[in-house]
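# Architecture at a glance
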Amino acid sequence: PNQPEALEKACGVLSSVSVEPHFAEAIASSEGITTVVEAMRSNNSNAALLEFGCLLLRNLVINNSEYSEEASSAIATTIHSMKENSDAAGFVREACDMLSAMACQSDACRSKIMALEGMEVLMNTMDSGAEAEVADAARAAVNQLTTRGG
C-alpha cells in the first residue's frame, strides 16, 4: 500500500458498496479488511484514506459482527490518527462512528478501545469545540462504550 491516491479511491469505492451485504461479504472474504487496515497503518496522516477506511470498516462490522475481530486491528491506528489529525473533521467523525459500531458489536472491541485510550480521545473530541456533527459522533461513541451489552 504505497500509492495513497489510488488507495483513497479504492477505499472510497469499497466503502460505498460495502453497505450491501453481498458486497460486504465479498470484501471481507477477499482479505479486504486486512488490506484496508494495512493501508490505514501505512498512510496514517492521509485523512481522506483514513476517513474512507473507517467508513468501510464500520459498514462491514455493521453488516456482520463476525468481522469485528479482524477489523479491530484498526483500532490502535485509528485512535492514534485521531490525535494526529484532530482537525480533519470528516475523518474524525467516521472514526467515532467506526469505534461506536465496533463497541456495539463486540465486547472485545469495547475493551480494546478503552485500553488504547479511546475514551480519552473521544472525550477530548467532544470538548475540543469540534463541529456539531463530529461532537455528536464522539458522544454517541462514548455512550456506546459506557453501555454494557450494546
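Here, every reference points to the structure presented above.
Since the model is a prediction, treat every value here as computed from it, not as a measurement.

### Side note on the state of the cysteines
Per the counting criterion, the structure on display carries zero disulfides. Free of any disulfide, C54 has its nearest cysteine sulfur in C96, 9.2 Å distant. Using a relative accessible area of 0% as the deciding quantity, one classes C54 as buried.

### Description of helix α7 (residues 89–105)
Between the first and last C-alpha of α7 there are 24 Å, a value that for 17 residues agrees with the 24 Å anticipated at 1.5 Å per step. Of all 17 residues in α7, 13 are buried; the element is thus mostly enclosed.

### Observations regarding the pattern of salt bridges
Counting across every chain of the model gives nine salt bridges. The shortest N-O distance in the salt bridge between R41 and E38 comes to 3.8 Å. Residue R41 and its partner E38 are located together in helix α3 (residues 32–42), separated by three residues, close to a single helical turn. Residue class for R41 comes out partly exposed when judged on its relative accessible area of 39%. Between R58 and E94 there is a salt bridge whose closest N-O contact spans 3.8 Å. Here E94 lies in helix α7 and R58 lies in helix α4 (residues 47–63), a separation of 36 residues in the sequence. Given the relative accessible area of 19%, R58 is considered buried. By sharing partners, the salt bridges in this structure join E51, R58, R93, E94, D97 and E133 into a single network.

### Looking at unusual backbone geometry
The backbone of E31 shows a phi angle near 65 degrees, a positive value even though the residue is not glycine. Structurally, E31 can be placed in the loop between α2 (21–29) and α3. Even without being glycine, E117 reaches a positive phi, approximately 65 degrees. With respect to the helices and strands, E117 occurs in the loop between α8 (107–115) and α9 (118–127). For E117, a relative accessible area of 40% corresponds to the partly exposed category.

### Regarding the nonpolar core
Judged by nonpolar contacts, the single largest core of 44 residues is most densely connected at L57, M82 and L122. Tallying contributions element by element places α7 first for this core, with nine residues. For L57, the residues in contact, after removing those within four places along its chain, are I33, V36, V37, M40, A71, A74 and M98.

Rules used throughout
Residues numbered from 1 in each chain as written. Predicted model: local features only at pLDDT ≥ 70, side-chain atom pairs only at ≥ 80, totals over all residues. Heavy atoms only, no water. Disulfide = S-S within 2.5 Å. Buried < 20%, exposed > 50% of the residue type's maximum accessible area, 1.4 Å probe, protein only. Helix = DSSP H or I, 4+ residues; strand = E, 2+ residues; numbered from the N terminus. Expected span 1.5 Å × (residues − 1). Salt bridge = Lys/Arg side-chain N within 4 Å of Asp/Glu carboxyl O. Core = buried A, V, L, I, M, F, W, Y, C linked by side-chain atoms within 4.5 Å. Contact = heavy atoms within 4.5 Å.

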